[in-house]
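Listed here are the chains, written in short residue letters.
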Amino acid sequence: ALDNVSKCYKQYDRPVDRLKELLLPGKVRANEFWALRNISLEVEKGQTLGIVGRNGSGKSTLLQMIVGTMSPTSGHIAVNGRISALLELGSGFNLEFTGRQNVFFNGRLLGLSQEELEQKFDEIAAFADIGSFIDQPVKTYSSGMFVRLAFAVATSVRPDILVVDEALSVGDEAFQRKCFSRIQAIQDRGGTILFVSHSAPTVVKLCNSAILIEQGELLLHHRPKVVVNQYQKLIYAPAHKVQGLRAEILKLNQLVEASESQHQGHE
């Protein structure tokens, strides 16, 4: 659950301005960039939520705050359950360690004991299917090998909530099928999934609902097909029509919220 969550980054023209602001409070020396503004959202247990939006819209920032690697500037986030995340390529891995060492290191960060990891290691290695590279430093891996191992570890903990940020796009088709099969298994046992992707068919096929984020604002929360259609309209619209289209999408979202509120009132 996210309640009015915003994230602001301060941008300084010179590094010394950051120091001056710390030592001489009272004068603002930074430009503020709001990556996210006033995001309110509830994701129920067992739901698969698709998150779509252009690059730079705030999707990854949102996920990092949900996972807990970043704090919101304002607002409140509540997460109930064990969360496992596959964010930007390589997060949580030490490039100098071997794949085997990273399995144990990353697995401990995700809450598994040494004994549990020893029991699961063969299963993780088999899913990653990178052969003898498991004993080579991760810095020698291709992006495909990297994500194979990262996904194998992230899903081995049997998470209540799985967060996937566009990572599967680097895998080949056979590996993607394996991943979606494992995601289906998490769904079948009542797990919750937050899924960022630019692939419209995948979002429609995999998700129960979806949100559209644009310039840090949540424009629409609706059925995946409706959200994807509005997203595609937005990205292909001529520049002079974008603001009008944003207003139309926000109006659609307000109608959806009003309808849901009315439905809940009748119940």
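Residues numbered from 1 in each chain as written. Predicted model: local features only at pLDDT ≥ 70, side-chain atom pairs only at ≥ 80, totals over all residues. Heavy atoms only, no water.

Trainee: How should I be thinking about the pairing of strand β7 (residues 192-196) in this particular structure?
Mentor: In summary, the side chains of a regular strand alternate between the two faces of the sheet. With 5 of its 5 residues buried, β7 lies for the most part within the structure. Side chains Thr192, Leu194 and Val196 project from β7 onto one buried face, and the interleaved Ile193 and Phe195 project onto a second face that is buried too. The pairing of strand β6 (residues 161-165) with β7 spans 5 bridges and is parallel. Bridge pairing links leucine 162 to isoleucine 193 in β7. (Buried < 20%, exposed > 50% of the residue type's maximum accessible area, 1.4 Å probe, protein only. Helix = DSSP H or I, 4+ residues; strand = E, 2+ residues; numbered from the N terminus. Pairing = 2+ DSSP bridges.)

Trainee: Any chance you could explain the layout of surface pockets here in plain terms?
Mentor: In this approach, a probe sized like a water molecule rolls over the atoms, and the result shows the empty space that is left. Roughly 390 Å³ of internal volume is contained in the second largest pocket. Lining the second largest pocket we find 17 residues, and of these Ala1, Val43, Asn80, Ile161 and Thr192 sit closest to its centre. Class assignment of the residues belonging to the lining of the second largest pocket gives a composition of 10 nonpolar, 3 polar and 4 charged. (1 Å grid on protein atoms, 1.4 Å probe; cavity = no way out; pocket = protein on both sides within 12 Å on 5 of 7 lines; lining within 4 Å. Points joined across faces, edges and corners; volume = space filled by probe spheres on them. Nonpolar A, V, L, I, M, F, W, Y, C, P; charged D, E, K, R; others polar.)

Trainee: Sorry, what's going on with the nonpolar core here?
Mentor: Across soluble globular proteins, nonpolar side chains have a tendency to be buried as a group. Among the nonpolar cores identified, the biggest contains 50 residues, and Tyr141, Leu149, Phe151, Leu212, Leu234 and Ile249 are the most heavily contacted of them. With 8 residues, the top contributor of residues to this core is helix α5 (residues 143-156). If near-sequence neighbours (up to four positions away) are discounted, leucine 212 is found in contact with Val52, Gly53, Glu217, Leu218, Leu219, Leu220, Val227, Gln230, Tyr231, Leu234 and Ile249. (Core = buried A, V, L, I, M, F, W, Y, C linked by side-chain atoms within 4.5 Å. Contact = heavy atoms within 4.5 Å.)

Trainee: How should the sheet that holds strand β2 (residues 31-41) be read in this particular structure?
Mentor: Strand-to-strand pairing in sheets goes through backbone hydrogen bonds, with the strands running parallel or antiparallel. Pairing within the open sheet is antiparallel, and its 3 strands lie in the order β2-β1-β4. A single partner strand is all that each edge strand has here, and the edge strands are β2 and β4 (74-77). This sheet shows a mean twist of 30° between the axes of neighbouring strands, independent of strand direction. On the sheet, helix α2 (residues 59-67) packs against β1 (2-11), β2 and β4 and is oriented at approximately 115° with respect to β1. (Axes fitted to C-alpha atoms, helices over the stretch in contact; angles between N-to-C directions.)

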